[in-house]
Amino acid sequence: MKTQRVAILAVDGVLPLDFGIPAQIFASRRGLPYRTTICAEAPEVASADGYNLVVPGTLTDVRRADMVIVPGYLGHATPLSEEVLDALRHVHGRGRRLMSICVGAFALAQAGILEGLRATTHWRNTEELARGYPNVTVDRDVLYVDEGNVLTSAGVAAGIDLCLHVIRRDLGAAIANHTARAIVAAPHRDGGQAQFVDAPVGRPTGSLAVTRAWSLDNLHNAVSVRDLARHADVSERTLARRWLEETGLTPLQWLLRARIQLARELIEAAELSVDQIAARCGLGTAANLRLHFRRLVGTTPTAYQRSFVGDWSEPGGLQPVEDRVSHLRRPAVDRE
């Protein structure tokens with residue numbers, strides 16, 4: 001994959017956390033194929049927290065970018081300048097990627113980019129977005145929405161999920177997971193549209209964190225709810241209740257998603273057969289893997305592998321996963 005030019009468009013009143021999430025995740029120092037520039041209409045932008053940001057990039061950089069990200073900002077109901085809106089429309093017209101974090105969705109809506117699409121924003125503002133832009137289908141119950149070249153996220157920390165989703169889409173599950181670990185965030189799974197709000201299967205904190213870590217190390221085994229309860233030294237009923245509270249999923253749902261996440265990484269590596277991958281993930285047979293993979297990811301293992309492996313033979317294309325993640329490795333500690 002060639003290097004993508006990423007423009008983070010800061011407007012007056014930009015929310016520092018919304019701005020900082022993509023700036024850190026897509027930083028070129030991580031060895032990822034993104035070159036990030038902070039852009040604005042003027043050389044300085046007032047942040048929502050009362051200090052100014054000195055901005056090196058201009059709207060010209062926005063218009064030339066391969067991916068433009070609009071963080072949230074105070075005063076989102078106030079119309080943006082035509083220069084800013086025209087720059088966003090220009091990027092959209094070129095077929096390049098546009099993303100918003102939190103109420104940054106209002107900028108895309110003002111530019112007419114969300115017309116006829118699904119979108120989301122901070123839960124406090126979903127009704128406002130729906131009222132103001134009736135031709136936008138506002139999804140109130142998701143962390144983010146991917147409409148191809150137009151992506152929107154819910155409030156604040158959901159921007160992390162969206163950025164990791166983009167890296168997963170561009171570079172695969174292994175690199176997305178390594179990036180998540182580098183920023184101490186749980187890996188997020190995408191899958192089909194219905195799976196966009198799935199809880200992550202990383203190693204979250206909570207009273208059952210040690211048991212979840214143990215289960216991730218034993219995905220190749222037929223781990224049952226009884227096994228999990230025995231490891232946690234609690235009853236099966238207590239385990240089910242706590243597991244749901246801490247992950248948003250039942251133990252078996254969580255285990256299945258963990259197995260599919262591991263299968264994705266192994267499929268991308270292109271070193272094992274489907275039968276071997278099914279055994280390594282504890283799914284038993286290739287038929288069982290295909291069934292659950294299609295249900296959760298929305299495609300077959302073969303089609304999924306082709307989307308990554310097919311690029312490896314192209315000049316300047318992706319390298320095998322082992323080569324692509326080697327620079328991101330660190331000593332094996334708690335893999336949160």
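Here the structure is a predicted model, which means the values were calculated and not measured.

Calculation criteria
The residue numbering used here restarts from 1 in each chain and proceeds along that chain's sequence as written. A pLDDT threshold of at least 70 governs which residues receive local features in this predicted model, and a stricter bar of 80 or more applies before side-chain atom pairs are shown or counted, although totals over entire chains, interfaces and linings include all residues. To get the side-chain values, all heavy atoms of the structure are used, and hydrogens and water are removed first. By the criteria applied, helices consist of DSSP H or I runs no shorter than four residues and strands consist of E runs no shorter than two, each listed in order from the N terminus. Using a 1.4 Å probe on the protein chains alone, a residue whose accessible area is under 20% of its type maximum counts as buried, one over 50% counts as exposed, and one in between counts as partly exposed. Whether two residues are in contact is decided by their heavy atoms: any pair within 4.5 Å suffices. All accessible areas in this document rest on Shrake-Rupley with a 1.4 Å probe, and a residue is counted as covered only by the protein chains that are shown. By this definition, two strands are paired if DSSP reports at least two bridges between them. How sure the predictor is of each residue is captured by pLDDT, a score from 0 to 100. Aromatic rings from Phe, Tyr and Trp, with only the six-membered ring used for Trp, were paired whenever their centres fell within 6.5 Å, and each pair was classed as stacked if the ring planes differed by under 30 degrees, edge-to-face if by over 60, and tilted otherwise. As a reminder, the over-ring test applies to NZ of lysine and CZ of arginine, requiring each to be within 6 Å of the ring centre and within 35 degrees of the ring normal. Each axis is a line fitted through C-alpha atoms, and for a helix only the stretch in contact is used; angles between axes span 0 to 180 degrees, taken between their N-to-C directions. Throughout this description, any angle smaller than 35 degrees is read as roughly parallel, any larger than 145 degrees as roughly antiparallel, any in the 65 to 115 degree range as roughly perpendicular, and the remainder as oblique. Two helices cross in a left-handed way if the nearer one is turned anticlockwise from the farther one by less than a right angle. They cross in a right-handed way if the turn is clockwise. Only buried residues count toward a nonpolar core, which is a set of Ala, Val, Leu, Ile, Met, Phe, Trp, Tyr and Cys residues joined through side-chain atoms within 4.5 Å.

**Details of the overall build of the chain**
Right, on to step 1. Counting secondary structure elements, the chain contains 15 helices and 10 strands.
Right, on to step 2. A total of 336 residues make up the chain; the buried ones form 52% of that total.
Right, on to step 3. Restricting the contact set of the chain to residue pairs at least 6 apart, pairs at least 24 apart contribute 63%.
Right, on to step 4. Here the chain displays about 14,900 Å² of accessible surface, and carbon together with sulfur accounts for 51% of that area.

**Observations regarding the pairing of strand S1 (residues 4-9)**
The side chains of a regular strand alternate, first on one face of the sheet and then on the other.
Right, on to step 1. In terms of burial, S1 is largely enclosed, as 5 of its 6 residues are buried.
Right, on to step 2. The pairing of S1 with strand S2 (residues 34-39) spans 6 bridges and is classified as parallel. Bridge pairing in S2 links Ala7 to Thr37.
Right, on to step 3. In the sheet, S1 pairs with strand S5 (residues 67-70) via 3 bridges, with the strands oriented parallel.

**Quick notes on the confidence of the model for the chain**
Right, on to step 1. Per-residue confidence for the chain averages 84 on the pLDDT scale, and 85% of its residues sit at or above 70.
Right, on to step 2. Predicted confidence is poor over residues 188-205, with pLDDT under 50, and the contacts of this stretch with residues over four places away or in other chains come to 70 contacts.
Right, on to step 3. Within the model, the stretch residues 310-336 combines pLDDT values under 50 with 46 contacts to residues more than four positions away or in other chains.

**Quick look at the packing of aromatic side chains**
Right, on to step 1. Enumeration over the complete set of coordinates arrives at 3 aromatic pairs.
Right, on to step 2. Measuring from centroid to centroid gives 4.9 Å for Phe26 and Tyr34, while their planes differ by 75 degrees, and the two rings are edge-to-face. Of the two residues examined, Phe26 and Tyr34, each falls in the buried class.
Right, on to step 3. On the numbers, 5.3 Å between centres and 80 degrees between planes, the contact of Trp243 with Trp254 is edge-to-face. With a gap of 11 residues between them, Trp243 in helix H10 (residues 236-247) and Trp254 in helix H11 (residues 251-269) connect regions that are remote in the sequence. Side by side, Trp243 and Trp254 carry an identical accessibility label, which is buried.
Right, on to step 4. Positioned above the aromatic ring of Trp243 is the side chain of Arg212, whose terminal nitrogen or guanidinium carbon lies 5.5 Å from the ring centre.

**Comments concerning helix H1 (residues 16-25)**
Right, on to step 1. Looking at H1, one finds that the buried residues are Pro16, Asp18, Phe19, Ile21, Pro22 and Ile25.
Right, on to step 2. Close packing links the buried residues of H1 with S1, S2, strand S4 (52-54), S5, helix H6 (158-171) and helix H7 (173-182).

**Structural notes on unusual backbone geometry**
Right, on to step 1. In this model, Cys102 sits at a positive phi of 60 degrees, which is unusual for a non-glycine residue.
Right, on to step 2. Looking at the secondary structure, you find Cys102 in the loop between strand S6 (97-100) and helix H4 (105-110).
Right, on to step 3. The class for Cys102 is buried, based on a relative accessible area of 4%.
Right, on to step 4. Positive phi outside glycine occurs at Ala270, with the angle close to 55 degrees.
Right, on to step 5. Structurally, Ala270 can be placed in the loop between H11 and helix H12 (274-280).

**Let's talk about the side chain of Asp66**
Right, on to step 1. Relative to the assigned elements, Asp66 resides in the loop between helix H2 (59-64) and S5.
Right, on to step 2. Setting aside anything within four residues of it in sequence, one finds Asp66 in contact with Thr3, Gln4, Arg5, Arg94, Arg96 and Arg97.

**Details of the packing of helix H8 (residues 209-216) against H11**
Right, on to step 1. At a closest axis distance of 11 Å, the pairing of H8 and H11 adopts a crossing angle of 40 degrees. Classified by the interaxial angle, the pair formed by H8 and H11 is oblique. Where H8 crosses over H11, the two elements pack in a sense that is right-handed. Contacts from Arg212, Ser215 and Leu216 of H8 reach H11 at Trp254, Leu255 and Ala258.

**Looking at the nonpolar core**
Right, on to step 1. Grouped together as the largest cluster of nonpolar side chains are 64 residues, with contacts concentrated most on Leu9, Tyr34, Val62, Val68, Leu88 and Ile167.
Right, on to step 2. Other than its neighbours up to four places away in sequence, Ile167 contacts Ile25, Phe26, Leu32, Tyr34, Gly172, Ile175, Ala176 and Thr179.
Right, on to step 3. Ranked by size, the runner-up nonpolar core spans 15 residues in total, among them Leu256, Ala263, Cys281 and Leu289.

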